[in-house]
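Fold and geometry: a report
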Amino acid sequence: MPAAPATGPPDFIGVGTQRSGTTWWFRTLLGHPQIRAPRGRRKELHYFDQFCGRELTAADVAEYHELFPRKPGQIAGEWTPRYMHDFWTPRLLARAAPEAKLLIMFRDPIERFRSGVPHRLSRTPDARMEAATADAIERGRYATQLRRVLAYHDEAKLLILQYEKCVADPAGQYRRTLEFLGVGTEHRHEELERRRGTTQAAQKKPLWGDLMDGLLAALEPEVAELAAMTQEIDVALWKNFAHLAPENVPA
Amino acid sequence: MSRPENGGGPPDFVGVGALGSGVAWWHGLLLAHPEIEPPAARRRALHFFDRFCAQELTHADVAEYHEHFPRRPGTISGEWTGRYMFDAWTPPLLRRAAPDAKLLVMLSDPIERFRAVYAERRSKLADDERLYMTDVVDRRSFGAQLARLRRFYDPGRILVLQFERCRRDPRGQYRRTLEFLGVRDTAFVPRRLRRTGLLDRVLPRRAGERLTGRPLSDRTAPLWSDLEASLRTALEPDVAALQRLVPDLDVGLWPNFR
């Protein structure tokens, strides 16, 4: 009789960001024979959301570990995009899963914003428009959030993915992700080319000149700082920030 | 630009931040000055630009905004909406609607306010509800907000006040505010500031908060080590950035950042 799967801390945790293709990427990873979803096959456990309201105990940590069964030779993980934005979570992740590898998928923050506003309003219909809009802007402050993650986690165990690179070269970025996670890289995923969960163009929040000015004032410093923090982001691929790419900045 | 029929026009000053930093108290004191008029609606916070996250600001909207500020000759008028500085869409609109306005910002220790909001939200929480405070840290990221505000307004047009300094030296900071606003009588002292201390003792707490600017400090919650450490990790870089932007900010007055 085969042994029951063992549980333990997750091998990997996706911590960001919402509306950036993380569902597509997580599902793609789950197609790999060595990668297991958490119990219940949920992508987003939101386990740490509750610990802004109370302290994380040793029993909570054990309960978190119980959510990740896997057989020998397999790895397990989850991907909750808000972990990176919730300021209390990076530190708790370091307590609950100190060895876990972390994944972040970044997307052009203004495109993320355009998808994030309708998403928030559809999930919480009673949310005020200004609160939903402000939230969607704040979630695009990537450098600020990454700094908080790096305050508690070693850069070497962090993989930064760029959504636009994954769209342009899914097979190459998939392989890169598998290498980082330490599983076999020979697997070919048949659904890799099929993106899911994208917002229809008609639902995206429209932009106008003043709004764009406000968004750029808030997000340009963040994008510039992010590009300085990591080599993994090619700003030229973000159409709203391509003017910040080194080749486009006048000397 | 033609003036609206009610004698209104662009505000002379707009307070743009920050929520929960004693802005009602300070605006109230400003309105005690004989040369300073309230908006026509007599509300401190018009929240006029909130809705323009979802629609464009038209010329008619700008004219409507100006109608809020009728004033007699020799007086100035303005409003103070604490969220304008936080809402990234507002500074470019404000520049369109009130390009010559002087801006006021009142800041207070970001973690003290966090504690107060934390206690308040906790007390209202249903049993099965989770408590989120992400938005409060976003709102208290003053350094980032001031930096983006300065893209639309010259720093010389923005007065950054510190709540704790105003509490400690209300007359001095009041005079400084009047000088910045350019009123003639800068020696004026509102009656409320002539009898300091009395109001604190006799007023019910809510009214006391409004009139004296005292924050909800008696209801603040203790934070455990993980939460407090995370809060510092989140806010310390922003406070450092704020200090670079406002060199005369006295961080020593902020108990959590001494």
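Residues numbered from 1 in each chain as written. Chains lettered and ligands numbered in written order. Predicted model: local features only at pLDDT ≥ 70, side-chain atom pairs only at ≥ 80, totals over all residues.

**Considering the overall build of chain B**
Inclusion rule: The way it works is that DSSP assigns letters per residue, a run of H or I at least four long becomes a helix, a run of E at least two long becomes a strand, and they are numbered from the N terminus. Field definition: a residue is buried when 20 or more other C-beta atoms are found within 10 Å of its C-beta, exposed when 12 or fewer are, and partly exposed for counts in between, with C-beta atoms placed from the backbone. Contact between two residues is assigned when their C-beta atoms, built from the backbone, lie within 7 Å.
In terms of regular secondary structure, chain B is built from 12 helices and five strands. Counting over 258 residues, chain B shows a buried share of 41%. Excluding contacts between residues fewer than 6 apart, the proportion of contacts in chain B whose partners are at least 24 apart in sequence is 81%.

**Notes on the overall build of chain A**
Counting its regular elements, chain A contains nine helices and seven strands. Dimensions of chain A, computed from C-alpha atoms along their principal axes, come out at roughly 65 × 45 × 35 Å. Of the contacts made within chain A by residues no fewer than 6 positions apart, 80% connect residues no fewer than 24 positions apart.

**Focus: the sheet that holds strand β2 (residues 36-37) of chain B**
Note on sheets: strands pair through backbone hydrogen bonds, and any given pair is parallel or antiparallel. Residues and elements named next belong to chain B. Here is the rule: Two strands pair under a simple rule: DSSP has to find at least two bridges between them. Axis definition: a line fit to C-alpha positions, over the contact stretch in the case of helices; interaxial angles, taken between N-to-C directions, run 0 to 180 degrees.
Strands sit in the order β2-β3-β1-β4-β5 across an open sheet of five strands; the sheet is parallel. The open sheet has two edge strands, β2 and β5 (158-162), and neither has a second partner. Here strand β1 (residues 13-17) runs beside strand β3 (residues 76-80); their pairing, made up of three bridges, is parallel. Paired with Gly 15 across the bridge in β3 is Trp 80. The sheet strands contacting helix α8 (residues 170-181) are β1, β3, β4 (102-107) and β5, and the helix crosses β5 at an angle near 170 degrees.

**Side note on helix α9 (residues 209-229) of chain A**
What counts, and what does not: The length a helix should cover is 1.5 Å for every residue beyond the first.
If you check α9(A), its first and last C-alpha atoms are 29 Å apart, about what 21 residues at 1.5 Å a residue would give, namely 30 Å. Within α9(A), the full set of buried residues consists of Leu211(A), Gly214(A), Leu215(A), Leu216(A), Ala218(A), Leu219(A), Val223(A), Leu226(A) and Ala227(A). As for α9(A), its buried residues are in contact with α4 (109-123), α5 (129-138) and α6 (142-150) of chain A together with α3 (90-97) and α6 (142-149) of chain B.

**Some details on the packing of α4(A) against α5(A)**
Residue and element names in this part refer to chain A. Spelled out, the test is: These descriptions rest on fixed angle ranges, namely under 35 degrees for roughly parallel, over 145 for roughly antiparallel, 65 to 115 for roughly perpendicular, and the rest for oblique. Take the far helix as the reference: if the near one is turned anticlockwise from it by less than a right angle, the crossing is left-handed, and if turned clockwise, right-handed. Under the grouping applied here, Gly and all other residues not named as nonpolar or charged are polar, the nonpolar ones being Ala, Val, Leu, Ile, Met, Phe, Trp, Tyr, Cys and Pro and the charged ones Asp, Glu, Lys and Arg.
Two elements in contact, α4 and α5, have axes whose closest approach is 9 Å; the angle formed by their N-to-C orientations is 140 degrees. Classified by the angle between their axes, α4 and α5 sit oblique to one another. Our pair here, α4 against α5, has a crossing hand that is right-handed. Side by side, α4 and α5 meet where Phe 113, Gly 116, Val 117, Arg 120 and Leu 121 of the first sit next to Ala 132, Thr 133, Asp 135, Ala 136 and Ile 137 of the second. The class makeup of the residues in the contact of α4 with α5 is six nonpolar, two polar and two charged.

**Quick word on the interface of chain B and chain A**
Facing 32 residues of chain B, the contacting portion of chain A comprises 31 residues. At the level of secondary structure, the elements contributing two or more residues to the side of chain B that touches chain A comprise α3, α5 (134-139), α6 and α12 (225-245) of chain B. Looking at the side of chain B that touches chain A, the element that brings in the most residues is α12(B), giving eight residues. Looking at side-chain class alone, the side of chain B that touches chain A contains 20 nonpolar, three polar and nine charged residues.

**Considerations on the packing of α4(A) against α9(A)**
Residues and elements named next belong to chain A. Here α4 crosses α9 at 130 degrees, and the two axes come no closer than 10 Å. By the criterion of interaxial angle, the relationship of α4 to α9 is oblique. Here α4 contributes Pro 109, Ile 110 and Phe 113 to the contact with α9, which in turn contributes Leu 215, Leu 219 and Val 223.

**Points about the nonpolar core**
Filter applied, for reference: One nonpolar core equals one set of buried Ala, Val, Leu, Ile, Met, Phe, Trp, Tyr and Cys residues connected by C-beta atoms within 7 Å.
Among the nonpolar cores identified, the biggest contains 110 residues, and Ile104(A), Leu215(A), Val14(B), Val105(B) and Met106(B) are the most heavily contacted of them. Looking at this core element by element, the count peaks at eight residues for α9(A).

**Focus: the sheet that holds strand β7 (residues 158-162) of chain A**
Residue and element names in this part refer to chain A. As summarised here, the arrangement of the five strands in space is β3-β5-β2-β6-β7, forming an open sheet in which the pairing is parallel. Each edge of the sheet is formed by a strand with only one pairing partner; in this case those strands are β3 (35-36) and β7. Where β3 lies against strand β5 (residues 75-79), two bridges are found, and the strand directions are parallel. Residue pairing across strands places Ile 35 opposite Ile 75, the latter belonging to β5.

**A closer look at the confidence of the model for chain B**
All names here are of chain B. Put simply, the test is: Residue-level confidence of the predictor, termed pLDDT, takes values from 0 up to 100.
Counting all residues, the mean pLDDT for chain B is 90, and 88% of those residues have values of 70 or more. Confidence drops under pLDDT 50 across residues 201-205; counting only partners more than four residues distant or on other chains, this segment forms two contacts. The low-confidence segment residues 214-218 (pLDDT under 50) makes 13 contacts with residues lying over four places distant or belonging to another chain. For this predicted complex, the interface score ipTM comes out at 0.92, while the overall pTM is 0.92.

**Concerning unusual backbone geometry**
Look at the link from Gly16(A) to Thr17(A): it is a cis peptide, with omega at -15 degrees. Relative to the elements of secondary structure, Thr17(A) occurs in the loop between β2 (12-16) and α1 (22-30). In this chain, Gly17(B) is followed by Ala18(B) through a cis amide linkage whose omega measures -10 degrees. Take Ala18(B): it is sitting in the loop between β1 and α1 (23-31). Phi is positive for Arg19(A), which is not a glycine, with a value near 60 degrees. We note that Arg41(A) has phi near 55 degrees; this positive angle belongs to a residue other than glycine. Mapping Arg41(A) onto the fold places it in the loop between β3 and α2 (58-66). Exposure remark for Arg41(A): the 8 C-beta atoms within 10 Å place this residue in the exposed category.

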